Amino acid sequence: MMITKLNRSFRLLSAGAALSLLMVAAPAAFAETPKDTLVQGFAIDDIITMDPGEAFELSTAEVTSNTYSLLVRLDMNDTSKIKGDLADSWTVSDDGLTYTFKLKPDLKFASGNPITAEDVAWSFERAVKLDKSPAFILTQFGLTGDNVTEKAKAADPTTFTFTVDKPYAPSFVLNCLTATVASVVDKKLVLDHVKTVTVDADHKYDNDFGNDWLKTNYAGSGAYKLREWRANEVVVMERNDNYYGEKAKLNRVIYRYMKESSAQRLALEAGDIDIARNLEPGDLDAVTKNADLTTTNAPKSTVYYVSLNSKNENLKKPEVQEAFKYLVDYDAIGATLIKGIGEIHQTFLPTGQLGALNENPYKLDVAKAKELLAKAGLPDGFSVTMDVRNTQPVTGIAESMQQTLAQAGVKMEIIPGDGKQTLTKYRARTHDIYIGQWGSDYFDPNSNADTFTSNPDNSDAGTVKTLAWRNTWEAPELDKETKAALLERDAAKRAAMYEDVQKKFLANSPFVVIFQQIEVAGYRKSLKDFKLGPSFDTNYVGPIAK
């Protein structure tokens, strides 16, 4: 079965490469992937489009970050800093409103077309006018379909200017420009594949900006170029020899769709893949004991949390919310359910981001929780439900909480479902308790601070559907402080403001943040320079060699 899958996934390679794969897939003491090819086992079933102006899924972010260039990127040596990608330098006007970027000379897309400031400007324009899920990362700066050509424009072939609506902290603006929605696309190539659209209630413009074509095609300039994506099967990338920076070490990178941790481990042990990307604690432990394999990990900007819907009159009470924070067995969860794949972390800003508060004040304390419940007028507890996606580790955490809550008289019924079922209910605000994860949309504290505190319209008709809104929670003072931090240009002062918000959030909110994800991977020791980055769009494969 595994060999059949391998051969099917590799049909699209050259005849010579395919023949070599057939040879290594034949019965042998040890199989080996081609020397010029990196093969990863990865749960890539979340990919729905390859258009960087539309894609907003974790797996797509990794592919996009390796195939498209940006003006700027995170500095991997110091994530508090930004470094140039296509941009050679940039300046910020004295009033803090205009950012001017000078492009590096002689840049080319994979197609061979030159990269100009006009390509950058059009990439911003198409993302804003497409108005897909990630567009808010750019539109939050005041960009609209009507003004984007004036706010984001080419001053000359190598100079791009970006004008924002408020004097934000430069670190906030620049961090947002590291998001994949700000990827620069090949305007000339995409315009060759634009479809005409009839303007109506659902379409503001008379063309699709190449969206239909870019769902499965490529117009970038990254270290690799996308060759093919087949949903729930394979992604293939090939080295881009027009890349301006250090050329990728390998000719191609293949992501094979493999969802189960055990299947990835077996394929890794057999040599059918070079890297296993979705290992659960048990399989991770087995990999560490194999002399031919090793592991790596990196904290990710993703936190797992339990949230209490304030529509429920019991869960709305501050004493109940605090009691729940004392009814989680953090030590047991850390030692078993998230061993190797997470670390206990009780605040909404993940370690590594500006202002992250690394304080974990809560421990399992049933007596304290009972006192708080009694104070809330619930000395005998109450009954409640929790919606839980039927995957690990959230199912295990929910079951652990069910047991510890019962010790304080709270009877919690677990309602299992798949991701679509639980998210649909959560987004409709019809849950009691929800357990889930939140990953930063961009590597800046505002991404998490805003969603956990902002709720400008708490009605069911509200259009700003943050996590605070989903849980019917209003915290106007915290929201005000969060908004003020966006305008603080002194990094140290800005960090202190976020620390203060987190302390207040810890003491009084309907969120029980439990842990920060650690991304892990098992890989063959023959690989060189494989590292995981601090976010899902910083797992770069260009430096990897065999």
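Okay, so let's go over this structure. (Residues numbered from 1 in each chain as written. Predicted model: local features only at pLDDT ≥ 70, side-chain atom pairs only at ≥ 80, totals over all residues. Heavy atoms only, no water.)

Mapped onto the elements of the fold, arginine 252 is located in strand β10 (residues 252–257). Owing to a relative accessible area of 10%, arginine 252 belongs among the buried residues under this scheme. (Helix = DSSP H or I, 4+ residues; strand = E, 2+ residues; numbered from the N terminus. Buried < 20%, exposed > 50% of the residue type's maximum accessible area, 1.4 Å probe, protein only.)

On to the pattern of salt bridges. Under the defined criterion, the tally for this structure stands at 32 salt bridges. With a closest N to O distance of 2.9 Å, arginine 230 and glutamate 228 form a salt bridge. The partner of aspartate 460 in a salt bridge is lysine 311, with the nearest N and O atoms 2.9 Å apart. Here aspartate 460, found in the loop between α17 (445–453) and α18 (467–470), pairs with lysine 311, found in the loop between β12 (293–308) and α12 (318–325); they are 149 residues apart in sequence, far enough to count as distant. (Salt bridge = Lys/Arg side-chain N within 4 Å of Asp/Glu carboxyl O.)

In the contact formed by α17 and helix α20 (residues 491–507), the axes pass within 12 Å of each other and the chain directions differ by 30°. As the angle between them shows, α17 and α20 are arranged roughly parallel. When you trace α17 past α20, the crossing you get is left-handed. Residues Pro445, Asn446, Ala449, Phe452 and Thr453 of α17 lie in contact with α20, whose contacting residues are Arg494, Tyr498, Val501 and Phe505. Residue classes in the contact of α17 with α20 are distributed as six nonpolar, two polar and one charged. (Axes fitted to C-alpha atoms, helices over the stretch in contact; angles between N-to-C directions. Parallel < 35°, antiparallel > 145°, perpendicular 65-115°, else oblique. Left-handed = near helix turned anticlockwise from the far one by under 90°. Contact = heavy atoms within 4.5 Å. Nonpolar A, V, L, I, M, F, W, Y, C, P; charged D, E, K, R; others polar.)

Let us now look at the environment of isoleucine 338. When you line up the elements, isoleucine 338 lands in the loop between α13 (330–337) and β13 (342–344). Separated by 177 residues in the primary sequence, isoleucine 338 and phenylalanine 515 have C-alpha atoms spaced 8.5 Å apart. Setting aside anything within four residues of it in sequence, one finds isoleucine 338 in contact with Ile333, Glu343, Ile344, Pro393 and Phe515.

A few words on the side chain of serine 509. When you line up the elements, serine 509 lands in the loop between α20 and β17 (511–524). Accessibility expressed as a relative area gives 1% for serine 509, which makes it buried. Separated by 2.9 Å, the side chain of serine 509 and the backbone oxygen of phenylalanine 505 make a polar contact. The residues contacting serine 509, other than those within four sequence positions of it, are Gln321, Lys325 and Trp473. (Polar contact = N/O pair within 3.5 Å; in protein donor to acceptor, adjacent residues only side chain to side chain.)

What follows covers the sheet that holds strand β5 (residues 98–103). Strand order in the open sheet formed by four strands is β4-β5-β7-β6, and the pairing between neighbours is antiparallel. Pairing within the sheet leaves two strands with one partner each, and these edge strands are β4 (87–92) and β6 (152–156). Within this sheet the neighbouring strands show an average axis-to-axis angle of 25°, counted without direction. Direction of pairing for β6 relative to strand β7 (residues 159–163): antiparallel, over a ladder of four bridges. In the strand pairing of β7, alanine 152 is matched with phenylalanine 162. Relative to β6, helix α4 (residues 117–130) is tilted by about 170°, and along the sheet it contacts β5, β6 and β7. (Pairing = 2+ DSSP bridges.)

The subject of this paragraph is helix α16 (residues 419–427). Regarding α16, the residues found buried are Gly419, Thr422 and Tyr426. Around the axis of α16, the buried residues are gathered within 80° of arc, so they sit on the same side. For α16, exposure combined with an orientation more than 90 degrees from the buried face picks out Lys420 and Gln421. Against β12, β14 (383–389), β15 (411–417), β16 (433–439), α18 and β17 lie the buried residues of α16. Arginine 429 sits one or two positions beyond α16 and adopts a positive phi of about 65°. (Arc of directions from axis to C-beta.)

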